[in-house]
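A closer look at the structure
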Amino acid sequence: MPEGDTIHKLAAAIRPRLEGKTICQAWVRTEPRGTFKRGPASTAPAANPFLDHGGLVGHRVERVYAEGKHLFLEFEQGVLVRSHLGMYGDWHRYQPDERWKKPEWQASLALWTEQDVLVCFNAKEVELLEVATIRHASFRCRLGPDLLALDADLGPVPLRAREFLDANVPLVDVLLDQRIASGIGNVYKSEVLFVGRKHPLRTLGKTSNSELQSLYARARDLLRRNLGGGPRVTRFIPDGRGSLWVYARRGQPCLRCGTRIRVDRMGRDMRSTYWCPACQVR
Ligand SMILES: [Zn+2]
């Protein structure tokens, strides 16, 4: 699942291809992935050279940016395209005459410029919004502070957590809840809990405001240190023993204490959580 840092890197990769460019064909599908059908060829993007879904054709892309796990494309006429990749989404770039590597019916969003075709396959969500209304819209209120924003203020994080969630919600679910703060995905969830020495099923009610703030401060630090590209690193000790503390290290010795790392499905969505039973006691 793409994490906040992935989306920021993605925005950086897409930006030179789209910012300032005029769209000459557009394909936007806002129904969620999973409801897609193997549509007849006549509905597929390449079958129609004059597609203009969403009224984007002929307009310039003003800005490409990420917020939390959402990628935003802002158009000059005041339209904003928001996309969320979810578990299965990804972006491809093609030459205008190049054959796509995935079937067209899996495309959630495709944008043609003079030079490139950018296709987002299998997005969890694609939404067309008006810039003027989004500034005050509920969407922004629903998203917690973006941990990758330079001015991210962690002050309101504990309050948001207690406002949105019950005291018995475990930390694995708190960290993944994008309303509290946005950017943490499944990898950072495990890593942050390990670094902060918290049992994954410790409840929100048993966690103090300052403990919450320090968990999110660590998450922010790790996300920021991974913006540069290259493999994800949460353990900055160049001893060849690993660049992640626990994630995907099931059965291997803990890099702090030697106990075998466990993986358990935990929380509301039963997502894999890697942890050390000796370092992260309840
Ligand atoms: Zn350990």
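In what follows, the structure referred to is the one given above.
Anyway, here's the lowdown on the structure attached to this text. Keep in mind it's a predicted model, so treat the numbers as computed, not measured. (Residues numbered from 1 in each chain as written. Predicted model: local features only at pLDDT ≥ 70, side-chain atom pairs only at ≥ 80, totals over all residues. Heavy atoms only, no water.)

**A word on the nonpolar core**
Grouped together as the largest cluster of nonpolar side chains are 26 residues, with contacts concentrated most on Leu 147, Val 174, Ile 184, Leu 212 and Tyr 216. Broken down by secondary-structure element, the contributors of at least two residues to this core are helix H4 (157-164), helix H5 (171-176), helix H6 (186-195) and helix H7 (209-225). Of all the elements, H7 adds the most residues to this core, at 6 residues. Not counting chain neighbours up to four residues away, the residues in contact with Val 174 comprise Ala 161, Leu 165, Val 169, Ile 180, Leu 204, Leu 212 and Tyr 216. With 25 residues, the next largest nonpolar core counts Leu 71, Leu 73, Leu 118 and Val 126 among its residues. (Core = buried A, V, L, I, M, F, W, Y, C linked by side-chain atoms within 4.5 Å. Buried < 20%, exposed > 50% of the residue type's maximum accessible area, 1.4 Å probe, protein only. Helix = DSSP H or I, 4+ residues; strand = E, 2+ residues; numbered from the N terminus. Contact = heavy atoms within 4.5 Å.)

**Quick notes on the side chain of Arg 29**
Within the secondary structure layout, Arg 29 lies in the loop between strand S1 (25-28) and strand S2 (61-67). Residue class for Arg 29 comes out buried when judged on its relative accessible area of 12%. A polar side-chain atom of Arg 29 sits 2.4 Å from the main-chain carbonyl oxygen of Trp 105. Separated by 3.1 Å, the side chain of Arg 29 and the backbone oxygen of Ala 107 make a polar contact. (Polar contact = N/O pair within 3.5 Å; in protein donor to acceptor, adjacent residues only side chain to side chain.)

**Structural notes on the pattern of salt bridges**
A complete count under the given rule lists 18 salt bridges for this structure. Residue Glu 74 is joined to Arg 63 by a salt bridge in which the shortest nitrogen-to-oxygen separation is 3.4 Å. Taken together, the positions of Glu 74 in strand S3 (residues 70-75) and Arg 63 in strand S2 put the pair 11 residues apart, joining distant regions of the chain. Classification of Arg 63 by relative accessible area gives partly exposed; the value is 36%. Across the pair Arg 202 and Glu 211 runs a salt bridge whose closest N-O atoms are separated by 3.1 Å. Take Arg 202: its relative accessible area is 22%, and that puts it in the partly exposed class. (Salt bridge = Lys/Arg side-chain N within 4 Å of Asp/Glu carboxyl O.)

**Section: the coordination of the zinc ion**
Distances from the zinc ion to its protein donors, namely Cys 254 (SG), Cys 257 (SG), Cys 276 (SG) and Cys 279 (SG), fall within the range 2.2 to 2.4 Å. Seen from the zinc ion, its 4 donor atoms lie at angles of 103 to 114°, and the figure they make is tetrahedral. The sequence motif formed by the donor residues of the zinc ion is C-x2-C-x18-C-x2-C. Of this pair, Cys 257 sits in the loop between H7 and strand S9 (262-266) while Cys 276 sits in the segment after strand S10 (271-275), and the two are 19 residues apart along the sequence. (Donors = N, O, S within 2.8 Å, 3.2 Å for Na, K, Ca; no water. Tetrahedral: all angles 85-135°; square planar, octahedral: opposite > 155°, others 65-115°.)

**So, the sheet that holds strand S4 (residues 79-84)**
An order of S2-S3-S4-S8 is seen for the 4 strands of this open sheet, with the pairing classed as antiparallel. The open sheet is flanked by S2 and strand S8 (125-130), the only strands paired with a single partner. For this sheet, the mean inter-axis angle between neighbouring strands, taken without regard to orientation, is 20°. Where S3 lies against S4, 5 bridges are found, and the strand directions are antiparallel. (Pairing = 2+ DSSP bridges. Axes fitted to C-alpha atoms, helices over the stretch in contact; angles between N-to-C directions.)

**So, H7**
Between the first and last C-alpha of H7 there are 24 Å, a value that for 17 residues agrees with the 24 Å anticipated at 1.5 Å per step. By the burial criterion, the buried members of H7 are Leu 212, Leu 215, Tyr 216, Ala 219, Leu 222 and Leu 223. With its buried residues spanning 120° around the axis, H7 presents them on a single face. In this structure, the buried side of H7 is in contact with helix H1 (4-18), H4, H5 and H6. (Expected span 1.5 Å × (residues − 1). Arc of directions from axis to C-beta.)

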